[in-house]
Amino acid sequence: MPKQKLIDKYNRHLNYLRISITDRCNLQCIYCMPRDLIPRLPHSDILSYEEILRIVRVGVSLGISKVRITGGEPLVRKGVYDFLSQLSRIDGLCDIALTTNGVFLKDNIEKIKAAGIKRINISLDTLNKNKYREITGYDRFDHVWEGIKIAHEMGFDPIKLNMVALNGVNENEMTDFAALSFSYPFHIRFIEYMPIGKSRMKYGPLLLVPEIKKRINVLGKLVPVTKDIHDGPAERYKLEGAKGEIGFIGALSHHFCNKCNRLRLTASGQLRPCLLSDHQEDLRSIMRKGCSDTEISEIFLAAVRHKPSDHNLSINHTGNVSCQMSSIGG
Ligand code: SAM
Ligand code: SF4
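Residues numbered from 1 in each chain as written. Chains lettered and ligands numbered in written order. Predicted model: local features only at pLDDT ≥ 70, side-chain atom pairs only at ≥ 80, totals over all residues. Heavy atoms only, no water.

**Q** Looking at this structure, how should I read the packing of helix α1 (residues 49–62) against helix α2 (residues 80–88)?
**A** Helix packing geometry: the angle between the two helix axes and the distance between the axes. Where α1 contacts α2, the two axes come as close as 11 Å, and the packing angle between them is 20 degrees. By the angle class used here, α1 and α2 are roughly parallel. At the point where α1 passes α2, the crossing takes the right-handed sense. Of α2, the residues touching α1 (which contributes Tyr49, Ile52, Leu53 and Val56) are Val80, Phe83, Gln86 and Leu87. Of the residues belonging to the contact of α1 with α2, the class tally is 7 nonpolar, 1 polar and no charged. (Axes fitted to C-alpha atoms, helices over the stretch in contact; angles between N-to-C directions. Helix = DSSP H or I, 4+ residues; strand = E, 2+ residues; numbered from the N terminus. Parallel < 35°, antiparallel > 145°, perpendicular 65-115°, else oblique. Left-handed = near helix turned anticlockwise from the far one by under 90°. Contact = heavy atoms within 4.5 Å. Nonpolar A, V, L, I, M, F, W, Y, C, P; charged D, E, K, R; others polar.)

**Q** What should I look at first to understand the sheet that holds strand β7 (residues 222–224) in this one?
**A** Sheet strands pair by backbone hydrogen bonding; their relative direction is either parallel or antiparallel. Read across the sheet, 12 strands follow the order β7-β8-β9-β6-β5-β4-β3-β2-β1-β10-β11-β12 without closing on themselves; strand pairing throughout is mixed. Every other strand in the sheet has two partners, leaving β7 and β12 (281–282) as the edge strands with one partner each. Judged from the 4 bridges that link them, strand β2 (residues 66–70) and strand β3 (residues 95–100) form a sheet pairing that is parallel. Paired with Val67 across the two strands is Ile96, which belongs to β3. Sheet contacts for α2: β2 and β3; angle to β2, the most-contacted strand, approximately 175 degrees. Contacts between helix α3 (residues 105–114) and the sheet are confined to β3 and β4 (119–123), with β4 contributing the most and set at about 165 degrees to the helix. (Pairing = 2+ DSSP bridges.)

**Q** Is there a simple way to think about the site of ligand 2 in this case?
**A** What surrounds ligand 2 is the set Cys25, Leu27, Cys29, Cys32, Met33, Gly72 and Asn101. Counted by class, the shell around ligand 2 contains 5 nonpolar, 2 polar and no charged residues. (Near = heavy atom within 4 Å.)

**Q** Just checking my understanding: could you explain the nonpolar core for this structure?
**A** Generally speaking, a soluble globular protein has its nonpolar side chains buried in company with each other. Among the nonpolar cores identified, the biggest contains 100 residues, and Leu17, Val56, Leu87, Phe190 and Phe300 are the most heavily contacted of them. Counting residues per element, this core draws most heavily on α1, which supplies 8 residues. (Core = buried A, V, L, I, M, F, W, Y, C linked by side-chain atoms within 4.5 Å. Buried < 20%, exposed > 50% of the residue type's maximum accessible area, 1.4 Å probe, protein only.)

**Q** How should the side chain of Arg264 be read in this particular structure?
**A** Among the structural elements, Arg264 can be located in strand β10 (residues 262–265). Non-local contacts of Arg264, meaning those with residues more than four positions away in its chain, are made with Leu17, Arg18, Gln270, Leu271, Arg272, Leu275, Ile328 and Gly330.

**Q** When you look at the side chain of Lys160 in this model, what are you seeing that I'm missing?
**A** Mapped onto the fold, Lys160 is located in strand β5 (residues 159–165). In contact with Lys160, not counting residues within four places along its chain, are Arg119, Ile120, Asn121, Ile122, His187 and Arg189.

Here is the structure:
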């Protein structure tokens, strides 16, 4: 395995690259992609698959060992299955995961498996069909749920369900989601809503991890799970007697920056050291001017130097990040 060279001044080992391969999406979640507010990037501004693969190879030579493909919705991009296969053939990557809204899962699960993907995160914010339409703008709940069950039957493990906790929208579903971990070996991830970019969300009081935990406690005791090297910021637990796990990502209530192991590559080729700060290093421009791999490495190292110790988004202090989640990839 290549020596880890991506270590920042706070001694964080940045071994995890999250890659948004498109800013497009087939859903319009109220908290992420407000209709008519966000112009699409021109196709020429989006990195080609070859460009992304080259960046990953250089990243691996510097110590990146885990990659997650996200978007926008990654499965809407043409050629994605072939790209995933090429990615899984890169030596030195031990973990390749996919984050998807699950709409295309059911019809493409064989292709995802054949491409070498074993770990999938599926975003699902409600178990109620009508609410699903309200949140995403589309009537796709059944399709997504079938896709999740098929992925489970085909042995994808773990399957993580990402649920963004939204007061006034799905706040009454915390226990229903947590209870899924008794019936299935799924990892249920409760994510605090992060008020960034343009959004039509009205910020009331936010539903934060301590309150979510309190609600889930009626189902039993949350027992901490031992973390592994690729875990990143989620706090992991298991309800006693459950098959699956419960995780919490509390970007606002519990700054986890001291454990952050991530860099992010946006669809337009910007390398971002932090989700919640707008600093980015431009890889696309230098690559299109014919740069060498050494120059790409230098951009990685510059991003590492600019990784902030902490983000400054907090419960009372919002709106500092102008970039959309759909272009960064979450
Ligand atoms: N389209 C794919 C999906 O929905 O899984 C991948 C991209 S999406 C931007 C990645 C993750 O970011 C999703 O789990 C989504 O729920 C989450 N997300 C988007 N906007 C968010 C926000 N404002 N706060 C917290 N999570 C957010
Ligand atoms: Fe699309 Fe994912 Fe954003 Fe929803 S969260 S609008 S599915 S990119």
